[in-house]
Amino acid sequence: MGGFFVTFEGIEGCGKTTQAARLKATLEKQGKTVVLTREPGGTAIGTRIRELLLDPATKGLAPLAELLLYEADRAQHVAETIRPALDAGKVVLCDRFSDASTAYQGAARGLAHETVEALNRIATGGLEPHLTLLLDVPAKVSVERARERAVKAGGRPDRFEREDFPFHEAVRNGYLEIAARCPDRFVRLDADRAAEDVEKDVLAA
């Protein structure tokens, strides 16, 4: 593969989507060909899976079933979008990837780390990002930002934004644990600042 694969990770409302879009614009000005994508929902099939996963009306979804839906989205995403772009020498910026399952379904939902990691490997075919940017914010900030964003958009908080504070705290701790295990790949950025300041650190990384 000749491309470069960057993922953005973090809890709800950390600014991943904003920073990924800003980085795309900067890289394109530098003449690079960039694919900006997300999980779940980076393909047509994935968009349908995303709707199911985020819909507050989706009740009683078992943690393992939730994980398998994310892995189905991921397998399609890698096959249809990510690998072809990397093989073509493009820069791929992805709003969440396999680390999200380790943090959300593993650390927060309580599934065994070995289970999540094994399914991640199967779904990705062993593909890992070259660089992962962890936009870290306190869980309290996360919940407030995410719910405020949903109201401003005229909608309602999604299934994950409705989770209680301990859930978001567990996700954050899960991310910090992954970053500690993978220091060569992860860069943790303090995202509880103005977007312009965070952007400078994203570009430096």
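Everything below is about the structure printed above this text.
Residues numbered from 1 in each chain as written. Predicted model: local features only at pLDDT ≥ 70, side-chain atom pairs only at ≥ 80, totals over all residues. Heavy atoms only, no water.

*Asks:* Hey, could you run me through the overall build of the protein chain in this one?
*Replies:* Secondary structure assignment for the protein chain yields eight helices and five strands. For the protein chain, the N- to C-terminal ordering of α and β elements is β-α-β-α-α-β-α-α-β-α-α-β-α. Here the protein chain has a C-alpha radius of gyration of 16 Å; the compact-globule value for 205 residues is 17 Å, and the two agree. Viewed in the frame of its principal axes, the protein chain has a C-alpha envelope of about 45 × 35 × 35 Å. Out of the 205 residues in the protein chain, the part that is buried amounts to 49%. (Helix = DSSP H or I, 4+ residues; strand = E, 2+ residues; numbered from the N terminus. Rg over C-alpha atoms; globule rule 2.2 N^0.38 Å. Buried < 20%, exposed > 50% of the residue type's maximum accessible area, 1.4 Å probe, protein only.)

*Asks:* Just to check I follow, could you spell out the packing of aromatic side chains for this structure?
*Replies:* Any pair of aromatic rings gets described here by the distance separating the centres and the angle formed by the planes. As enumerated under the stated definition, the model contains six aromatic pairs in all. Seen in terms of ring centroids, Phe160 and Phe167 are 6.3 Å apart; in terms of plane orientation they differ by 40 degrees. Their pairing is tilted. In this structure, Arg74 is placed above the aromatic ring of Phe97, and the distance from its NZ or CZ to the ring centre is 5.8 Å. Between the NZ or CZ atom of Arg159 and the centre of the ring of Phe160, over which it lies, the distance is 4.9 Å. (Phe/Tyr/Trp six-rings, centres within 6.5 Å; stacked < 30°, edge-to-face > 60°. Lys NZ or Arg CZ within 6 Å of the ring centre and 35° of its normal.)

*Asks:* Looking at this structure, I do not really get the layout of surface pockets. What am I missing?
*Replies:* Put simply, the largest pocket is a space of about 710 Å³. Taken together, 35 residues form the lining of the largest pocket, with Lys16, Thr17, Asp95, Arg96 and Arg149 sitting closest to its centre. When residues of the lining of the largest pocket are traced back to their parent elements, those giving at least two are helix 1 (16-29), strand 2 (34-38), helix 2 (44-54), helix 3 (63-87), helix 4 (98-108), helix 6 (139-152) and helix 8 (195-204). Looking at the lining of the largest pocket residue by residue, the class counts come to 14 nonpolar, eight polar and 13 charged. Quantified by volume, the second largest pocket comes out at close to 250 Å³. Taken together, 15 residues make up the lining of the second largest pocket; nearest its centre are Ser98, Glu117, Asn120, Glu128 and Arg185. Those elements that place two or more of their residues in the lining of the second largest pocket are helix 4, helix 5 (113-124) and helix 7 (165-181). (1 Å grid on protein atoms, 1.4 Å probe; cavity = no way out; pocket = protein on both sides within 12 Å on 5 of 7 lines; lining within 4 Å. Points joined across faces, edges and corners; volume = space filled by probe spheres on them. Nonpolar A, V, L, I, M, F, W, Y, C, P; charged D, E, K, R; others polar.)

*Asks:* Help me understand the pattern of salt bridges, please; the structure alone is not making it clear to me.
*Replies:* Where charged atoms of side chains with opposite charge meet at close range, the side chains can pair. Under the criterion given, the structure shown has 14 salt bridges. Across the pair Arg74 and Glu71 runs a salt bridge, and its minimum N-O distance is 2.9 Å. Here Glu71 and Arg74 lie together in helix 3, a separation of three residues that amounts to about one turn. The buried category is assigned to Arg74, whose relative accessible area is 1%. (Salt bridge = Lys/Arg side-chain N within 4 Å of Asp/Glu carboxyl O.)

*Asks:* Teacher, can you tell me more about the nonpolar core here?
*Replies:* Nonpolar side chains tend toward joint burial in soluble globular proteins. If you look at the biggest cluster of nonpolar residues, it comprises 34 residues, and the most contacted ones within it are Phe8, Leu93, Tyr104, Leu133, Leu135 and Tyr175. If you tally residues by element for this core, the top one is helix 7, at five residues. Ignoring any residue separated from it by four or fewer positions in sequence, one finds Leu135 in contact with Phe8, Glu9, Gly10, Cys14, Gly15, Lys16, Gln19, Leu189, Ala191 and Val198. Ile82, Leu86, Cys94 and Phe97 belong to the second-largest nonpolar core, a separate cluster that totals ten residues. (Core = buried A, V, L, I, M, F, W, Y, C linked by side-chain atoms within 4.5 Å. Contact = heavy atoms within 4.5 Å.)

*Asks:* What exactly am I supposed to notice about the pairing of strand 3 (residues 91-95) here?
*Replies:* As a general feature of sheets, a regular strand has side chains that alternate between the two faces. Burial analysis of strand 3 places five of its five residues in the buried class, the great majority of the element. A two-sided burial pattern is seen for strand 3, the buried positions comprising Val91, Leu93 and Asp95 on one face and Val92 and Cys94 on the other. Of the strand pairs in this sheet, strand 1 (residues 4-9) and strand 3 are connected by five bridges, and their pairing is parallel. Note that in strand 3 the partner of Thr7 across the bridge is Cys94. Across five bridges, the pairing between strand 2 and strand 3 is parallel. Each residue of the ladder has a partner; that of Leu36, found in strand 3, is Leu93. (Pairing = 2+ DSSP bridges.)

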